[in-house]
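The primary structure of each chain is shown beneath.
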Amino acid sequence: TLNVAGKGYYFPSRQHAFDFAQKVLASGRRNFDVGVMQVNWHYHGHRFPSLWEAFDFRANIDVGAKILSEENRRAGNLAVAVARYHSADPGRGSSYLRRFFQYYTAMRRQAG
(Lines give C-alpha, C1' and ligand atoms only; values in the text may rest on other atoms or scores of the structure.)
Protein backbone atom coordinates (compact mmCIF):
# COMPACT_ATOMS: atom_id res chain seq x y z
CA THR A 1 0.00 0.00 0.00
CA LEU A 2 0.91 3.65 -0.35
CA ASN A 3 -0.59 6.74 1.17
CA VAL A 4 0.00 9.86 -0.90
CA ALA A 5 -1.38 13.16 0.41
CA GLY A 6 -3.91 11.34 2.57
CA LYS A 7 -5.17 9.03 -0.18
CA GLY A 8 -4.63 5.29 0.19
CA TYR A 9 -3.60 3.17 -2.77
CA TYR A 10 -3.77 -0.62 -2.72
CA PHE A 11 -2.09 -2.87 -5.26
CA PRO A 12 -2.31 -6.51 -6.32
CA SER A 13 1.44 -7.02 -6.01
CA ARG A 14 4.67 -5.63 -4.65
CA GLN A 15 5.77 -4.83 -8.20
CA HIS A 16 2.65 -2.74 -8.88
CA ALA A 17 3.14 -0.80 -5.65
CA PHE A 18 6.83 -0.26 -6.40
CA ASP A 19 6.07 0.96 -9.94
CA PHE A 20 3.50 3.44 -8.60
CA ALA A 21 5.93 4.68 -5.93
CA GLN A 22 8.57 5.28 -8.59
CA LYS A 23 6.07 7.43 -10.51
CA VAL A 24 5.31 9.37 -7.32
CA LEU A 25 9.03 9.99 -6.80
CA ALA A 26 9.47 10.98 -10.46
CA SER A 27 6.76 13.61 -9.95
CA GLY A 28 8.96 15.21 -7.27
CA ARG A 29 6.99 14.05 -4.25
CA ARG A 30 8.90 12.31 -1.45
CA ASN A 31 6.42 12.69 1.39
CA PHE A 32 4.35 9.50 1.20
CA ASP A 33 3.81 6.42 3.33
CA VAL A 34 4.91 2.97 2.22
CA GLY A 35 3.84 -0.58 3.05
CA VAL A 36 1.98 -2.29 5.83
CA MET A 37 3.44 -0.04 8.54
CA GLN A 38 2.94 3.09 6.44
CA VAL A 39 6.54 4.19 6.94
CA ASN A 40 7.03 7.73 5.70
CA TRP A 41 9.50 7.68 2.82
CA HIS A 42 10.61 11.31 3.26
CA TYR A 43 11.59 10.90 6.90
CA HIS A 44 12.54 7.22 7.03
CA GLY A 45 13.40 6.07 3.53
CA HIS A 46 17.06 6.00 4.55
CA ARG A 47 16.25 3.06 6.83
CA PHE A 48 15.72 0.79 3.82
CA PRO A 49 18.44 -0.36 1.41
CA SER A 50 16.13 0.64 -1.45
CA LEU A 51 12.57 1.58 -2.32
CA TRP A 52 12.01 -2.01 -3.45
CA GLU A 53 12.95 -3.26 0.04
CA ALA A 54 10.47 -0.86 1.62
CA PHE A 55 7.74 -3.00 0.03
CA ASP A 56 8.99 -6.21 1.60
CA PHE A 57 6.49 -6.72 4.40
CA ARG A 58 9.08 -8.14 6.82
CA ALA A 59 11.48 -5.25 6.24
CA ASN A 60 8.62 -2.74 6.46
CA ILE A 61 7.36 -4.17 9.76
CA ASP A 62 10.91 -4.25 11.13
CA VAL A 63 11.51 -0.59 10.29
CA GLY A 64 8.10 0.44 11.63
CA ALA A 65 8.74 -1.44 14.88
CA LYS A 66 12.14 0.23 15.26
CA ILE A 67 10.64 3.68 14.75
CA LEU A 68 7.91 2.98 17.32
CA SER A 69 10.46 1.55 19.76
CA GLU A 70 12.71 4.62 19.38
CA GLU A 71 9.76 6.95 19.98
CA ASN A 72 8.71 4.91 23.02
CA ARG A 73 12.22 5.15 24.49
CA ARG A 74 12.28 8.90 23.83
CA ALA A 75 8.82 9.57 25.25
CA GLY A 76 8.72 6.89 27.95
CA ASN A 77 5.05 6.53 27.11
CA LEU A 78 3.53 4.21 24.50
CA ALA A 79 0.57 6.48 23.73
CA VAL A 80 2.89 9.40 23.00
CA ALA A 81 5.08 7.06 20.93
CA VAL A 82 2.09 5.99 18.82
CA ALA A 83 1.13 9.62 18.24
CA ARG A 84 4.70 10.52 17.28
CA TYR A 85 4.91 7.50 14.98
CA HIS A 86 2.34 9.29 12.87
CA SER A 87 3.58 12.84 13.29
CA ALA A 88 5.88 14.95 15.42
CA ASP A 89 3.16 17.63 15.26
CA PRO A 90 1.19 17.17 18.51
CA GLY A 91 -2.18 18.04 16.93
CA ARG A 92 -1.84 15.59 14.07
CA GLY A 93 -0.35 12.95 16.36
CA SER A 94 -3.18 13.28 18.88
CA SER A 95 -5.78 12.91 16.17
CA TYR A 96 -4.04 9.77 14.90
CA LEU A 97 -3.79 8.38 18.44
CA ARG A 98 -7.56 8.75 18.94
CA ARG A 99 -8.26 6.88 15.69
CA PHE A 100 -5.69 4.24 16.59
CA PHE A 101 -7.33 3.52 19.94
CA GLN A 102 -10.79 3.37 18.32
CA TYR A 103 -9.54 0.66 15.94
CA TYR A 104 -7.58 -1.06 18.70
CA THR A 105 -10.60 -1.16 20.99
CA ALA A 106 -12.84 -2.50 18.21
CA MET A 107 -10.31 -5.24 17.40
CA ARG A 108 -10.05 -6.23 21.07
CA ARG A 109 -13.85 -6.51 21.28
CA GLN A 110 -13.95 -8.70 18.20
CA ALA A 111 -11.22 -10.93 19.59
CA GLY A 112 -13.26 -11.45 22.73
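So, how was this worked out
- Residues numbered from 1 in each chain as written.
- Predicted model: local features only at pLDDT ≥ 70, side-chain atom pairs only at ≥ 80, totals over all residues.
- Heavy atoms only, no water.
- 1 Å grid on protein atoms, 1.4 Å probe; cavity = no way out; pocket = protein on both sides within 12 Å on 5 of 7 lines; lining within 4 Å.
- Points joined across faces, edges and corners; volume = space filled by probe spheres on them.
- Helix = DSSP H or I, 4+ residues; strand = E, 2+ residues; numbered from the N terminus.
- Nonpolar A, V, L, I, M, F, W, Y, C, P; charged D, E, K, R; others polar.

Undergrad: Before we go on, may I ask you to explain the layout of surface pockets in this structure?
TA: Empty space among the atoms becomes visible once a probe the size of a water molecule is rolled across them. One number sums up the size of the largest pocket: a volume of about 1300 Å³. Lining the largest pocket are 37 residues, with Asp33, Gln38, Tyr85, His86 and Tyr96 sitting closest to its centre. Sorting the residues of the lining of the largest pocket by element identifies strand E1 (2–4), strand E2 (7–9), strand E3 (32–34), strand E4 (39–40), helix H2 (41–44), helix H4 (57–75), helix H5 (78–86) and helix H6 (90–111) as the ones contributing at least two each. Sort the elements by how many residues they give to the lining of the largest pocket and H6 lands first, with eight residues. Tallied by class, residues from the lining of the largest pocket come to 21 nonpolar, eleven polar and five charged. Taken as a whole, the second largest pocket spans an internal volume of roughly 180 Å³. Together, 13 residues line the second largest pocket, and Thr1, Ser13, Arg14, Ala17 and Phe55 are the ones closest to its centre. Within the residue set of the lining of the second largest pocket, elements represented by two or more residues are helix H1 (14–26) and H4.

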